[in-house]
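Coordinate analysis (summary)
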Amino acid sequence: MMTQDELKQAVARAAIEYVPAGIIGVGTGSTANFFTDELAHIKGKIEAAVASSVATAERLKKHGIRVIDLNEAGEMAVYVDGADEITPHMAMIKGGGGALTREKIVAACARKFICIVDQTKLVDVMGKFPLPVEVIPMARSYVARQLVKLGGTPVLRAGFTTDNGNVILDVHNMNILDPVAMETEINQLVGVVTVGLFARRGADVCLMGTPEGVQTLKR
């Protein structure tokens, strides 16, 4: 039986086949870390990488991969990142690691989003994993009250500040039947920087690690 880490490693290796020469975007989290380590084997092909977090930038630099600012990079061919939950329709919850805003920005600049997950992340309806919402600190309690009205139970992520200097509310008990509508509604709340729903711009390809091998799901 493969361990969860072995499944993550398998999808990280599979994602390398989607990496063209040039500039790529790299996500944040345990599965993205495995991908970053795999990139080290083909670093001669990579002109530079755009990182979605300070932690990822440091890991890339340790492997001798040049990290550049997104403003310098412009559009990229691919962005590779994990997810906390993904549906067969390629909508995702992301932000368990707290980098959701930067992840969403980098993903928006990529022509193709490759999501790499193990099979435990595939769900029919999202919401079991608490939905992260990045909020400007002064708006924390206002946004929390609005999220309660939407049926959620928001909990401040204790002792955590994002790379952007904001706080995260993790929203429990959400049953996300229409992720596109919910993403739009939460993003409209004053004080919200980003919600960790990636539905309007979901993944283009999902590489999913299973004991039988890596499965490829597409939109």
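Before going into details, it helps to say that this report is about the structure given with it. (Residues numbered from 1 in each chain as written. Predicted model: local features only at pLDDT ≥ 70, side-chain atom pairs only at ≥ 80, totals over all residues. Heavy atoms only, no water.)

Given two aromatic rings, one states the distance between the centres and the angle between the planes to describe the pair. Counting across every chain of the model gives 1 aromatic pair. Ring plane angle 85° and centroid distance 5.2 Å describe the contact between Tyr79 and Phe113, whose orientation is recorded as edge-to-face. Placement of Tyr79 in strand E3 (residues 76-81) and of Phe113 in strand E6 (residues 110-118) is noted, with a sequence separation of 34 residues between them. Per residue, the accessibility class of Tyr79 equals that of Phe113, and both read buried. Between the NZ or CZ atom of Lys94 and the centre of the ring of Phe198, over which it lies, the distance is 5.5 Å. Between the NZ or CZ atom of Lys104 and the centre of the ring of Phe198, over which it lies, the distance is 5.0 Å. (Phe/Tyr/Trp six-rings, centres within 6.5 Å; stacked < 30°, edge-to-face > 60°. Helix = DSSP H or I, 4+ residues; strand = E, 2+ residues; numbered from the N terminus. Buried < 20%, exposed > 50% of the residue type's maximum accessible area, 1.4 Å probe, protein only. Lys NZ or Arg CZ within 6 Å of the ring centre and 35° of its normal.)

Taken together, the side chains of Ile136, Met138 and Val193 present a nonpolar region at the surface, about 310 Å² in accessible area. By the secondary structure assignment, Val193 is in strand E10 (residues 192-195). (Patch = residues over 30% accessible without salt bridge, like charges linked within 9 Å, V, L, I, M, F, W, Y side chains within 5 Å. Areas by Shrake-Rupley, 256 points an atom, 1.4 Å probe, with all protein chains shown as cover. Salt bridge = Lys/Arg side-chain N within 4 Å of Asp/Glu carboxyl O.)

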